Amino acid sequence: MGLFNKIKNMFAKDKSDEIEVINKEKLNEVSEIVEEEKVQKEEKTEFIEEKKVKEEVKVYEKGLTKSREGFVSKLANLTNKYHKITEDYFDELEEILIMADIGVDTVISFMDRLRKRVKHENIESTEYLKEIIVDELFIIYVNDSVIVNKINFSEKKPTVILFVGVNGVGKTTTIAKLANKMIDEGKKVKLIAGDTFRAGATRQLEEWATRVGASFYGKEEGADPSSVIYDGLSLSLEDDTDVVMIDTAGRLQNKVNLMNELEKINRVIGKIIPDAPHEVLLVIDATTGQNGISQAIAFKEITNITGIVLTKLDGTAKGGIVLAIKEQVGIPVKYIGLGERKEDLQVFDIEKYIYGLFKDMM
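1. Some points on the packing of helix α4 (residues 87–99) against helix α5 (residues 104–120)
So, point 1. For the pair α4 and α5, interaxial distance at closest approach is 10 Å and the crossing angle is 145°. Note that α4 runs across α5; the crossing there is right-handed. For the pair α4 and α5, the contacting residues are Glu87, Phe90, Asp91, Leu93, Glu94, Leu97 and Ile98 in the first and Val104, Val107, Phe110, Met111, Leu114, Arg115 and Val118 in the second.
So, point 2. Class assignment of the residues belonging to the contact of α4 with α5 gives a composition of 10 nonpolar, no polar and 4 charged.

This is the structure:
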């Protein structure tokens, strides 16, 4: 029975236009009902939130299986091989970390920190050192900084998110998955097909928009991307869109062309919505390993990247690339793709990532 009906029934016997004083006992009962309903609501919210977190952890566990099996099993074998810490142990550990695609510079820095900690804390057991390794990898990512993994939503509509990245990294499907997430949260989303160079790109994005329930704006293949974006943004101001997601060309003839195109796009966006784009997300395919790092460095030189979406992390045994990107490029990973399903695109959480990677050791 709803709260309103419960209270209505309590007072049903006392219907009278002349009632001026409400029975104190009934008022107390009303307060108790209200409080009970409030507690039940809080418990339900807490249960739903807890269930959601558990489901997200499972996605991380499953998505990082390849990395975990490769990396952690080698680490376990190393611990079985060496019971005491020696230089040979450190050499083999360094090789394992590099093979996990954490990156040479990151690994060298990590090994220096590890050696100092072993010496300072007088650690001898390799079994105990496993916990220290997990701890230090977490520290490398956090690095005394505030981890920003949320989208920077604008106070005024619409929030504009520009997507960049080379062809074949899963940019279009990433846009669709993120749009789907935001639509599920009750936001009105528009997709704009700014990639007018790749054959079929506009039609592909339009199909995705239809499937996830987003509105769409695009023109014919070969149209000027800036004009498409200008018109699409103008429409978004008229139809009360909450979030605009803009696809861009993944490959032009050279770096100068790409730089010029992105500069032009940014100018056009700024003319329509002065403080936009609010986010520039670089999409990288995790299976490309160190090549993905090179892409991040190159795009960072060209435009102001605010976050990285790392796709296909479930398809590689080199999940350490997450740590390498943060260490070498200094850009936060905001989303990771851990499978084909829409729910497999997850807001990046360093604690869930570390757990998913090392859970067999914990």
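Let us keep going from here.
2. Comments concerning the side chain of Lys190
So, point 1. By secondary structure assignment, the location of Lys190 is in strand β2 (residues 189–193).
So, point 2. Polar side-chain contacts of Lys190 include one of 2.9 Å to the side chain of Asp239.
So, point 3. Those residues within four positions of Lys190 in sequence are excluded, and the remaining contacts are Ser215, Phe216, Gly232, Leu235, Ser236, Asp239, Thr241, Val243, Val244 and Met245.

3. Let's talk about the nonpolar core
So, point 1. Counting residues in each nonpolar core, the largest one holds 98 residues, and the members touching the most others are Leu233, Met245, Leu310 and Tyr353.
So, point 2. If we ignore the near neighbours within four places in the chain, the residues touching Tyr353 are Tyr60, Leu64, Gly319, Gly320, Val322, Leu323 and Phe348.

4. Points about the side chain of Glu136
So, point 1. Relative to the helices and strands, Glu136 is located in helix α6 (residues 126–142).
So, point 2. Of note is the side chain of Glu136, whose polar atom sits 2.7 Å from the side chain of Arg117.
So, point 3. Among all residues touching Glu136, those that are not within four sequence positions of it are Phe110, Arg113, Leu114 and Arg117.

5. Some details on the sheet that holds strand β8 (residues 345–347)
So, point 1. Taken in spatial order, the 8 strands line up as β3-β2-β4-β1-β5-β6-β7-β8 in an open sheet, and their pairing is mixed. Both edges of this open sheet fall to β3 (215–217) and β8, since each of them pairs with a single strand only. Here the strands of the sheet are splayed against their neighbours by 25° on average, with no regard to which way each runs.
So, point 2. Strand contacts of helix α11 (residues 290–302): β1 (159–164), β5 (279–285) and β6 (307–311), with the helix running at about 155° to β5, the strand carrying the most contacts.
So, point 3. Taken strand by strand, helix α12 (residues 321–329) contacts β5, β6 and β7 (333–337), and its axis lies near 160° from that of β6.

6. Focus on the pairing of β6
So, point 1. Most of β6 is tucked away: 5 of the 5 residues are buried.
So, point 2. Across the two faces of β6 the burial is the same, with Gly307, Val309 and Thr311 and Ile308 and Leu310 all buried.
So, point 3. Pairing of β5 with β6 involves 5 bridges; the strand directions are parallel. Within β6, the residue paired with Leu282 across the bridge is Ile308.
So, point 4. Remark: the β5/α11/β6 crossover connection has right-handed handedness.
So, point 5. As paired elements, β6 and β7 share 3 bridges and run parallel to each other. If you follow Ile308 over to β7, its bridge partner there is Val333.
So, point 6. You can see the chain leave β6, run along α12 and come back into β7, and the turn it takes is right-handed.

7. What about the pattern of salt bridges?
Opposite charge on two side chains permits them to pair, given that their charged atoms come into close proximity.
So, point 1. Under the criterion given, the structure shown has 18 salt bridges.
So, point 2. In this structure, the salt-bridge partner of Arg115 is Glu87, at a minimum N-O distance of 3.0 Å. A residue pair is termed long-range when its members are at least 10 positions apart, and Arg115 in helix α5 and Glu87 in helix α4 qualify at 28 residues.
So, point 3. Judged by its relative accessible area of 26%, Arg115 is partly exposed.
So, point 4. Ionic pairing is found between Asp239 and Lys190, a salt bridge with its closest N-O pair at 2.9 Å. You can see Asp239 sitting in the loop between α9 (225–238) and β4 (243–247) and its partner Lys190 sitting in strand β2, a full 49 residues away along the chain.
So, point 5. Three or more residues joined by partner-sharing salt bridges are found here, namely Arg113, Arg117, Glu121, Asp135 and Glu136.

Basis of the calculations
Residues numbered from 1 in each chain as written. Predicted model: local features only at pLDDT ≥ 70, side-chain atom pairs only at ≥ 80, totals over all residues. Heavy atoms only, no water. Axes fitted to C-alpha atoms, helices over the stretch in contact; angles between N-to-C directions. Helix = DSSP H or I, 4+ residues; strand = E, 2+ residues; numbered from the N terminus. Left-handed = near helix turned anticlockwise from the far one by under 90°. Contact = heavy atoms within 4.5 Å. Nonpolar A, V, L, I, M, F, W, Y, C, P; charged D, E, K, R; others polar. Polar contact = N/O pair within 3.5 Å; in protein donor to acceptor, adjacent residues only side chain to side chain. Core = buried A, V, L, I, M, F, W, Y, C linked by side-chain atoms within 4.5 Å. Buried < 20%, exposed > 50% of the residue type's maximum accessible area, 1.4 Å probe, protein only. Pairing = 2+ DSSP bridges. Right-handed = clockwise from strand over helix to strand, strands pointing away. Salt bridge = Lys/Arg side-chain N within 4 Å of Asp/Glu carboxyl O.

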